[in-house]
Amino acid sequence: MQAALGRARWALRVCRAAPRPRRLGPGSAPAPRCWSCGSPLPGAEGPPRFCPSCQALQPPEPRPDLFRLMDCDRSFRIDAQQLQRRFRSLQRAVHPDRFGQRPLKEQHYSEQHSSLINKAYQTLLHPLSRGLYLLELNGVEPAQETDSDADSAFLMEIMEINEKLAEPKNEDSLEEIETLIKVKQEELTKEVTAAFERDDLQEAKKLLAKMKYFANLEDKLKKKKIPS
């Protein structure tokens, strides 16, 4: 009963926020309809949609805008607390535990929505994945490891850290490397923010490639710290 009331309230909020359906002109696509009862659906994209007539959860969009889904501006700067609140709100609405007594199709849609919301949250939470996603939205291919844009001094720095990580395990050395990686990632994050804000996508691409190197080093460091 509580789950049904929750779905009804969410559907009502979505319907109020959605724009009124426009009249179709020649060649226009037909308005989407509920898979369960056939009623017309609001045309708004973004949040998971519930049918305003029967409250059935609808399937997710094929390629949703993750920023819009998570109610964030399409920007490299985000409010992490707002993102987390949105994540929790969406998961409460569509979590598979709420749909155990619903039709199998709706249970499947619930799982799809939950997985998509997790992906959106993780993508936008972390600076590297958020930046790469912004490049994708702007039609910019990310730099590949074979690209030679990185300067020799930077590559030498990465090589030296890799060599230190290859040495026998030493707690003091690992702590020093961890601090260095954190500082470098913070510096790069500031530079990437500035590049996106001045709409310099090629500079953002180069900086994100450097961030990827440090993310790989961070993964190696975590593995090195695992007790053997």
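Anything mentioned here points back to the structure above.
Thresholds, definitions, all that
- Residues numbered from 1 in each chain as written.
- Predicted model: local features only at pLDDT ≥ 70, side-chain atom pairs only at ≥ 80, totals over all residues.
- Heavy atoms only, no water.
- Phe/Tyr/Trp six-rings, centres within 6.5 Å; stacked < 30°, edge-to-face > 60°.
- Helix = DSSP H or I, 4+ residues; strand = E, 2+ residues; numbered from the N terminus.
- Buried < 20%, exposed > 50% of the residue type's maximum accessible area, 1.4 Å probe, protein only.
- Lys NZ or Arg CZ within 6 Å of the ring centre and 35° of its normal.
- Contact = heavy atoms within 4.5 Å.
- Core = buried A, V, L, I, M, F, W, Y, C linked by side-chain atoms within 4.5 Å.
- Axes fitted to C-alpha atoms, helices over the stretch in contact; angles between N-to-C directions.
- Parallel < 35°, antiparallel > 145°, perpendicular 65-115°, else oblique.
- Nonpolar A, V, L, I, M, F, W, Y, C, P; charged D, E, K, R; others polar.

Peer 1: What exactly am I supposed to notice about the packing of aromatic side chains here?
Peer 2: Counting across every chain of the model gives 6 aromatic pairs. Plain terms: the ring middles of Phe67 and Tyr133 are 5.7 Å apart, the flat faces sit at 20° to each other, and that makes the pair stacked. Placement of the pair is Phe67 in helix 2 (residues 66-69) and Tyr133 in helix 5 (residues 127-137), with a sequence separation of 66 residues. Across the pair, Tyr133 and Phe67 agree in class, each one buried. An angle of 75° between the planes, with centres 5.5 Å apart, marks the rings of Phe154 and Tyr213 as edge-to-face. Here the residue Phe154 occupies a position in helix 6 (residues 152-166), and Tyr213 occupies one in helix 8 (residues 201-225), the gap between them amounting to 59 residues. By relative accessible area, Tyr213 is classed as partly exposed at 25%. Members of the aromatic cluster, each reached through a chain of ring pairs, are Phe154, Tyr213 and Phe214. The ring of Phe76 has Arg130 lying over it, and the distance from NZ or CZ to the ring centre is 4.6 Å. Geometry around Phe154 places Lys210 over its ring, the cationic atom sitting 5.1 Å from the centre.

Peer 1: Teacher, can you tell me more about the environment of Glu157 here?
Peer 2: You can see Glu157 is positioned in helix 6. Ignoring anything within four residues of it in the chain, the contact list for Glu157 reads Lys184 and Phe214.

Peer 1: What's the story with unusual backbone geometry in this structure? I'm lost.
Peer 2: Excluding glycine, a negative phi dihedral is what most residues carry, and trans is how most peptide bonds are arranged. In this structure, Gln55 takes a positive phi of about 65° despite not being glycine. Along the chain, the position of Gln55 falls in the loop between helix 1 (2-17) and helix 2. With a phi close to 60°, Asp199 is a non-glycine residue in the positive phi region. Along the chain, Asp199 turns up in the loop between helix 7 (171-197) and helix 8.

Peer 1: Please explain the nonpolar core as it appears in this structure.
Peer 2: One recurring pattern in soluble globular proteins is that nonpolar side chains are buried together. Ranked by size, the top nonpolar core spans 45 residues in total, and within it Met70, Phe196 and Phe214 carry the most contacts. Sorting the residues of this core by element identifies helix 2, helix 3 (80-94), helix 4 (104-125), helix 5, helix 6, helix 7 and helix 8 as the ones contributing at least two each. With sequence-adjacent residues up to four places away left out, Phe214 is seen in contact with Phe154, Glu157, Ile158, Ile161, Ile181, Lys184, Gln185 and Leu188.

Peer 1: Sorry if this is basic, but what is going on with the packing of helix 6 against helix 8 here?
Peer 2: Between two packed helices, what matters for the description is the angle formed by their axes and the separation of those axes. Between helix 6 and helix 8, the least distance of the axes is 11 Å, while the angle of their chain directions is 5°. By the angle class used here, helix 6 and helix 8 are roughly parallel. Each of Phe154, Leu155, Glu157, Ile158, Ile161, Asn162, Leu165 and Ala166 in helix 6 lies in contact with helix 8, whose residues at this interface are Lys210, Tyr213, Phe214, Leu217, Lys220, Leu221 and Lys224. Classifying every residue of the contact of helix 6 with helix 8 gives 10 nonpolar, 1 polar and 4 charged.

None of this, on its own, says anything about what the molecule does.
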